[in-house]
Amino acid sequence: MKITIGRVDKADFPELSLQEIDVKIDSGAYTSSIHCSNIEEISINNTSFLRFKLLDPEHSLYNNKEFTFKNYTSKIVKSSNGISETRFMIQTEILIFETIFPIYLTLTERKDMKFPILLGRKFLSKKFVIDTAKKNLSHKLKQTNK
């Protein structure tokens, strides 16, 4: 049975030290994405790593913490304005509806966007059904079960 998810919610990303961060459900996007800054590929002892900071200093959950991922790929993503760009992609975990799911996130600068994280079709497919009249269903469930 699929879980009903609203148009927006709050989720936790344990490996990224993010709790109750706003996510927007975006069925128009194939991949999920997260707002990052200072995204760079670095080499340590001839091994490539991806280093970045989540969000930006203006965001209330910004913690200035630098993350380094060894396992990452790059992917060509076509944005809503039709422009294709290559983005780095990591795999991590999302805690939503009291369940941990694996999730792939592309890293992008979303500074001007209201929601720092978009959940796309690849993540939502076969797990969720979207009810655009509702919001924060996972967050409300979490508050009820505290």
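So, a few notes on the structure that sits alongside this text.

The rules we used
Residues numbered from 1 in each chain as written. Predicted model: local features only at pLDDT ≥ 70, side-chain atom pairs only at ≥ 80, totals over all residues. Heavy atoms only, no water. Helix = DSSP H or I, 4+ residues; strand = E, 2+ residues; numbered from the N terminus. Buried < 20%, exposed > 50% of the residue type's maximum accessible area, 1.4 Å probe, protein only. Contact = heavy atoms within 4.5 Å. Pairing = 2+ DSSP bridges.

Attention shifts here to the side chain of serine 138. For serine 138, the location among the structural elements is in helix H2 (residues 137-144). Given a relative accessible area of 6%, serine 138 falls into the buried group. Every residue in contact with serine 138, bar those within four places of it in the chain, is listed here: Asp9, Lys10, Ile96 and Phe97.

This paragraph deals with the pairing of strand E4 (residues 32-44). Direction of pairing for E4 relative to strand E9 (residues 99-108): parallel, over a ladder of four bridges. Looking across to E9, one finds that isoleucine 34 is bridged to leucine 107. Pairing analysis gives two bridges linking E4 to strand E10 (residues 117-119), with the strands arranged antiparallel. The partner of isoleucine 34 across the bridge, within E10, is isoleucine 117. In the sheet, E4 pairs with strand E5 (residues 47-54) via seven bridges, with the strands oriented antiparallel. Counted as the bridge partner of serine 43 is serine 48 from E5. With antiparallel pairing between neighbouring strands as the criterion, E4 and E5 make up a hairpin whose turn holds two residues, including asparagine 45 at a positive phi of roughly 50°.

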